[in-house]
Amino acid sequence: MQESELFYERHPDPMWVFDRETLFFLDVNLATMAAYGYGREEFLAMKVTDLWPPEDVPRFLESIADEGHARALPGLWRHVRKSGEILHVQITARPVDWKGHRGELVSVRDMTSNVALAQEREALLVQEAGLRRMAEETAAQLAGQNATLRTAQRLLRIGVWKYEIWSNRLIWSPEMYDMYGATEADFDATFDAYTARVHPDDQQAMTENYAVFEESGQQFFEFSHRILHPGGRIAHVRGVGEITETPEGRLLTGVVQDVTQQIEQDNRLHLLDQSVSRLNDVVLIFEAASGEGREDAPIVYVNPSFLRITGLGLEDVLGQPVSKVMLETAPGVPLNVLTSVISDPVSLRSDIRLVNREGRVVPADIDLVPVRGLSGVLTHWVAVIRDMSEKHAADERAQTNEERYRLLSRSTHDVVWDWDFDKDQITWNENFRQIAGDPDAPLVAGVSSWIDRLHPDDRARVLEGFYGAAEGEGETWSDEYRFLRDDGDVRYVFDRGFVARDETGRALHMVGSMVDITAQKQAEARLAQAEKLEALGQITGGVAHDFNNLLMIILGNAETLLDHVSDPRQQRLLELVLVAAERGRDLTGRLLAFARRTPLKPVLLDLNEQVSRSAELQQRTFRSNIRIETDLRADPAMIECDPAQLELVLLNLSVNARGAMPDGGVLRLETRRGEEDGAAQVILTISDTGVGMDSETLRRCLEPFFTTKPVGEGVGLGLSMGFGFMAQSGGKLLIASTPGEGTQVSLVFPSARPGQRSAGRAAQAIITGGDEHILLVEDDAGVRDHIESVLADLGYRVTACQNTDEAIAYFHNGGGADLILSDLIMPGHTDTRHLVQVARSYFPDIEVLYSSGYPTSAIEKDGRLATDIDFLPKPYRRAELAVKIRELLNRRAARQATSAQVSDV
């Protein structure tokens, strides 16, 4: 659009063109339609005379008869608006050639207000004589009305100006000074002064525009540029002027309007248009029509995204009925649906499928929004259509991943979970119900479904680590903790998760798996307990060794003194010493049993018979409020073990059970057969209905000297001795206990193999001495002196050595002996086995008797005493030593006699 056309269309005063011959309107500007209330189409169907009252038409026709130059029609004219309201206007007309028509360009200025003021002024003059006393008030009222008029001009941002070309002087109305940010004092009213107030970037164009106007000889001057206010504010102005001839010379008179708001609005509209045109979403606007055929309303705007998606051209869309375009691009939407939707002016969102010209289907959703004008009347519909292809593809991928996640969750025994941080919600797989102990536990729940099941002692630590991982930058989290089942059971779990983050690093999800490691933790606890018991066994075994040497001295000296004391009181004291030493020997025996260092003498026996004999004995000795029951189902029940040690274990376990039932109860002894890893077993279970043990007592019950009994009522070696005995016998001891319900102790024996046999105990021999030569090897000086004295009293010749090195040197130097009595554990560079080899290299028939308080090397892995040695455990009594030595020396003598008889033959 050319600037002249823009000026005409946007001019603030009504302007129109009419045909001089037909008097029909040829065109009107926006101000005309606003002033008179008719639309453009209505104007083009009217004659110009329709605006005049009938009585004024002849004068108007007479005034335009002259076809000369531009002229002002003299006087004021009356015009009639569409509403019937009378306007008083000034008219300027000039002939124009308008698109092949002889036309007349008319410019109208509304003078209705001026007429009203003039009429008012005239009325005031008529009343002047009678209202002189009110002159001051009237003058003030008139001044206020003038101020109102000026205010209206200021609000409309319109100023009036004159430029005396002959004097280069500008004359401004007061509104001009406000518009340009100037005062009469600081503005010298020249063309150059005006140019200085124009924005520097517009000054050259403005002066060139005026120069062209002057040279052209045209009557009308139009301009628009920016004004730079002293404070830096920029205003946009647009003006028009007309040349008139005066006696003094040419006068340029015009108006100027501040169009800053309009320009800014136009800029915003331009920015909006540019922004919408670059959206990926489709924006389509069509007019809102009423009545029949509303679906055929034309499309007035569409952005490039619609053209890109559908493949249509702009000419295929703009001005076309919305029904036609929608039928082509969204054939799945029936026409009656479109008609129904736009019949009700409310917003609507729906899913549709766009189809381009190549037939490609694009899934989309549409927002249809009604738009109302300033008057509140529905004028347009705006359709915003979003291409949902990527979302649908993402949904399909998510659905596929969800299906994979579901299948993975079903294929594992782990508890698989997904924590949504935005929703603060957890999704569990089916395995969660098993570990939670609730078959109806919800699989989609709040975070309390996990947090409330954390063990109170672990909760703070676990939550700190979990949320720390989520809020940090890491990708993984893991922890071990205790999980509380709904049935009260506690499970140990290993939990780990993987964090999914957005582009800013914020945690969106954590997906992980929870593994029940209770069995593993229990196995680790059992292993740790076994290692602990093994370490305790080694310590107690070492203590027993040293203690047995001390008991040897105490027993030996007490027996010797008892033989030489006749005073009954002193004899009683020595007997008490012997009793105490015997009890000490029993104590070390139990310690060695726990340490699995007691030399066992196993025999083949029927466990059912052994249990029956023990039950009879216990029935006679236990309180009457304890009932003893037996259930001997094991058949056969043959095992191989040391019967004396088994009897002691049964006694200890029964006494413990009796102590756990102070108010009476049931002691049950049950045998049954079992199998583990293909090996047959015979199992003896001793159970009671007593007070039971808590978890801490159950954890420590096998430790030596641990007891819950009061001081003086137990030493805490019963269970530990049984544990050591079963381990040394190739079996195992199992304990289960529940507070308030009782305790069950199971002794698991390997079933005896067919044909297994073991020799029983040898018959007790008569205590006698002899005159043979005995080599005594003992590192403990006190024990060595005591044994040497005992052997000498028995008549034997004794040579004593303090270690194996000294004993070997004795043989190398020509020494001899009939029997070697040596401790198994000796200091020196060589062990006792090497000593025996050296001795038998000189004396093949020499007998060897080993002795020790900690016989580690004398016991085989199966718990039996080594078959190639003779062994006497410390501490022993004088009689035990005498019997064992005589037995070995007699065996040597018998062997020698047999050898001599063979030689004689």
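Each remark here, short or long, concerns the structure printed above.
We now turn to the structure provided with this report. Quick caveat, the model's predicted, so the values are computed rather than measured.

**Focus: the environment of Arg461**
Thought 1: Locating Arg461 in the fold gives a position in helix α17 (residues 456-471).
Thought 2: Measuring from C-alpha to C-alpha, the distance between Arg461 and Tyr481 comes to 9.2 Å, with 20 residues separating the pair along the chain.

**Considerations on the pattern of salt bridges**
Thought 1: According to the stated counting rule, one finds 39 salt bridges in the structure shown.
Thought 2: For Glu42, the salt bridge is made with Lys82, and the minimal N-O distance between the two is 3.0 Å. On the criterion of sequence distance, the pair formed by Glu42 in helix α3 (residues 40-44) and Lys82 in the loop between β3 (71-80) and β4 (86-98) is long-range, its members being 40 residues apart.
Thought 3: We classify Lys82 as partly exposed; its relative accessible area is 44%.
Thought 4: Through salt bridges with shared partners, a single network forms among Asp845, Glu847, Asp870, Lys884, Glu887, Arg891 and Arg895.

**A look at the sheet that holds strand β1 (residues 15-19)**
Thought 1: Read across the open sheet, the five strands follow the order β2-β1-β5-β4-β3; overall the sheet is antiparallel. Where the open sheet ends on each side, the last strands, each with one partner, are β2 (25-28) and β3. Each adjacent strand pair in this sheet contributes to an overall mean axis angle of 30°, direction not counted.
Thought 2: Here ten bridges tie β4 to strand β5 (residues 101-110), and the two strands are oriented antiparallel to one another. Within β5, the position partnered with Ile91 by the bridge is Val108.
Thought 3: Along the sheet face, helix α5 (residues 112-126) touches β3, β4 and β5 and points at about 140° away from the line of β4.

**Side note on the packing of helix α25 (residues 804-812) against helix α26 (residues 832-842)**
Thought 1: At a minimum axis distance of 10 Å, the contact between α25 and α26 shows a crossing angle of 10°. Judged on the interaxial angle alone, α26 and α25 are roughly parallel. For the pair α25 and α26, contact is made by Thr804, Ala807, Ile808, Phe811 and His812 and by Thr832, His834, Leu835, Val838, Ala839 and Tyr842, respectively.
Thought 2: Of the residues that constitute the contact of α25 with α26, the class distribution is seven nonpolar, four polar and no charged.

Procedures and definitions
Residues numbered from 1 in each chain as written. Predicted model: local features only at pLDDT ≥ 70, side-chain atom pairs only at ≥ 80, totals over all residues. Heavy atoms only, no water. Helix = DSSP H or I, 4+ residues; strand = E, 2+ residues; numbered from the N terminus. Salt bridge = Lys/Arg side-chain N within 4 Å of Asp/Glu carboxyl O. Buried < 20%, exposed > 50% of the residue type's maximum accessible area, 1.4 Å probe, protein only. Pairing = 2+ DSSP bridges. Axes fitted to C-alpha atoms, helices over the stretch in contact; angles between N-to-C directions. Contact = heavy atoms within 4.5 Å. Parallel < 35°, antiparallel > 145°, perpendicular 65-115°, else oblique. Nonpolar A, V, L, I, M, F, W, Y, C, P; charged D, E, K, R; others polar.

Structural measurements only, silent on function.
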